[in-house]
Amino acid sequence: MNEHTASIATTALFRPLAVNRVRVDGFFGPRIDTIAETTAHTLFDRCIDAGMLDQVDPDRPNPGLRIPYQSDNSTVTTQMFWDSDFGKSIEAAAYALYRRPDPALEARVDAVVDAYARLQDSDGYLNSWYQRMEPGKRWTNLRDCHELYDAGHMIEGAVAYYHATGKRRLMDIMARYADHIAAVFGPGEGQRRGYCGHPEIELALVKLWKETGNERYLKLSKFFI
């Protein structure tokens, strides 16, 4: 075994187990059951009630500006970050589906995935705020508006949902977006030397690399770091 092969073998040996290969019971078991039975659905309820799907789905009327979202029971984030809320909710749903099958929850995720599939631009770009609310301003404020952060949470949700269900549609959608990001950002001629004001895309790209084997995503993560 040469040095390069030994390094690969060592790296593989110390990789953490995927979430779907771990079973947790004992003290945390009943709490995870509560998340699977109730919380995962509640997250989607809050997203829908806030109007997030109206913003994502291009077949629906444009919901207009809702910053800040006003409600006595408001727990939703600023509107330009709503894609990240959907990404986190999909990831939570995936963890719930690891715990137990739930066709109704799966159908809710699939409906959101369908909306994102319709929204995605032909070049792969995907951000509901900049596509529907502020078109023409993509990548104009990396520090504060966090398009890359939103993309990271969507990628994490996509990978987790693939692990849970075997459905790779969202992961393919996000891989197209990651390819677009890799074309825009980097050290090459004509590329932008930029990075997000909030860390997230870096670890998500590593997860996407591990799942797809595409070294481009790992190189992009290293660039952002």
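Residue indices follow the written sequence of each chain, beginning from 1 at its first position. A pLDDT threshold of at least 70 governs which residues receive local features in this predicted model, and a stricter bar of 80 or more applies before side-chain atom pairs are shown or counted, although totals over entire chains, interfaces and linings include all residues. Hydrogens and water are ignored here; the side-chain numbers use all heavy atoms of the structure.

Next up on the list: the nonpolar core. Phe-86, Trp-139, Met-174 and Ile-181 are the most contacted members of the largest nonpolar core, which totals 60 residues. Helix and strand assignments come from DSSP, with helices taken as H or I runs of at least 4 residues and strands as E runs of at least 2, each series counted from the N terminus. The element contributing the most residues to this core is helix 9 (residues 169-184), with 10 residues. Among the buried residues, those of types Ala, Val, Leu, Ile, Met, Phe, Trp, Tyr and Cys that are joined through side-chain atoms within 4.5 Å form a nonpolar core. Partly exposed describes any residue whose relative accessible area lies between the buried limit of under 20% and the exposed limit of over 50%, with all areas from a 1.4 Å probe on protein chains only and scaled to the type maximum.

Further remarks concern empty space enclosed by the protein. In this analysis a 1.4 Å probe is tested at points of a 1 Å grid over the protein atoms alone, and where it fits but cannot get out there is a cavity; an open set with protein on both sides within 12 Å along at least five of seven lines is a pocket; lining residues have an atom within 4 Å of a point. Grid points are joined across faces, edges and corners, and a volume is the space filled by probe spheres set on the points. With the rule as written, the count across this model stands at 1 cavity of 30 Å³ or more. Estimated volume of the largest cavity: approximately 40 Å³. Lining the largest cavity are Asp-83, Tyr-116, Leu-126, Asn-127, Glu-147, Asp-150, Ala-151, Met-154, Met-174 and Tyr-177. Elements supplying a minimum of two residues to the lining of the largest cavity: helix 8 (147-165) and helix 9. When grouped by side-chain class, the residues that make up the lining of the largest cavity number 6 nonpolar, 1 polar and 3 charged. Ten residue types, Ala, Val, Leu, Ile, Met, Phe, Trp, Tyr, Cys and Pro, are classed as nonpolar, four, Asp, Glu, Lys and Arg, as charged, and the remainder, Gly among them, as polar.

Let us look at the packing of helix 9 against helix 10 (residues 201-212). At a minimum axis distance of 12 Å, the contact between helix 9 and helix 10 shows a crossing angle of 120 degrees. By the angle between their axes, helix 9 is oblique relative to helix 10. For the element pair helix 9 and helix 10, the recorded crossing hand is left-handed. Facing Met-171, Ala-175 and Ala-178 of helix 9, the residues of helix 10 in contact are Leu-205, Leu-208 and Glu-211. Considering only residue class, the contact of helix 9 with helix 10 consists of 5 nonpolar, no polar and 1 charged. Between N-to-C directions, angles span 0 to 180 degrees; the directions come from axes that are lines fitted to C-alpha atoms, helices contributing only their stretch in contact. Angle categories: roughly parallel below 35 degrees, roughly antiparallel above 145, roughly perpendicular from 65 to 115, and oblique for all the rest. When the near helix sits turned anticlockwise from the far one by under a right angle, the crossing is termed left-handed; a clockwise turn instead gives a right-handed crossing. Note on definitions: a residue-residue contact is assigned when non-hydrogen atoms from the two residues lie within 4.5 Å.

A separate point is unusual backbone geometry. Look at Trp-139: it is not a glycine, yet its phi comes out positive at around 60 degrees. Position of Trp-139 relative to the elements: it lies in the loop between helix 6 (128-133) and helix 7 (142-145). Positive phi, close to 60 degrees, is recorded for His-146, a residue that is not glycine. Relative to the assigned elements, His-146 resides in the loop between helix 7 and helix 8. Of the residues examined, His-146 reaches a relative accessible area of 11% and is grouped as buried.

Our next topic: the layout of surface pockets. Volume-wise, the largest pocket comes out at about 380 Å³. Around the largest pocket sit 16 residues that line it, and Leu-17, Ala-18, His-163, Lys-207 and Lys-210 are the ones nearest its centre. Looking at the lining of the largest pocket, the elements with two or more residues in it are helix 4 (82-99), helix 8 and helix 10. Of the residues belonging to the lining of the largest pocket, the class tally is 9 nonpolar, 1 polar and 6 charged.

With that out of the way, let us pick up the packing of aromatic side chains. In this analysis, rings of Phe, Tyr and Trp, with Trp reduced to its six-membered ring, are considered paired at centre separations within 6.5 Å, and the interplanar angle assigns stacked below 30 degrees, edge-to-face beyond 60, and tilted for intermediate values. A complete count under the given rule lists 9 aromatic pairs for this structure. Arranged with centres 6.4 Å apart and planes meeting at 40 degrees, the rings of Phe-44 and Phe-86 form a pair that is tilted. Remark: Phe-86 occurs in helix 4 and Phe-44 occurs in helix 2 (residues 29-50); sequence separation between them is 42 residues. By the burial criterion, Phe-44 is buried, and Phe-86 matches it. The interplanar angle of 55 degrees and the centroid separation of 5.7 Å between the aromatic rings of Phe-223 and Phe-224 together place this pair among those described as tilted. Aromatic rings pair up to connect Tyr-125, Trp-139, Tyr-177, Phe-185, Phe-223 and Phe-224 into one cluster. For a ring to carry a charge above it, either NZ of a lysine or CZ of an arginine must fall within 6 Å of the ring centroid while also lying within 35 degrees of the normal to the ring plane. Here the guanidinium or amino end of Arg-31 rests over the ring plane of Phe-27, the centre of that ring lying 3.9 Å away. Over the aromatic face of Tyr-162 sits the side chain of Arg-168, whose NZ or CZ is 5.5 Å from the ring centroid.

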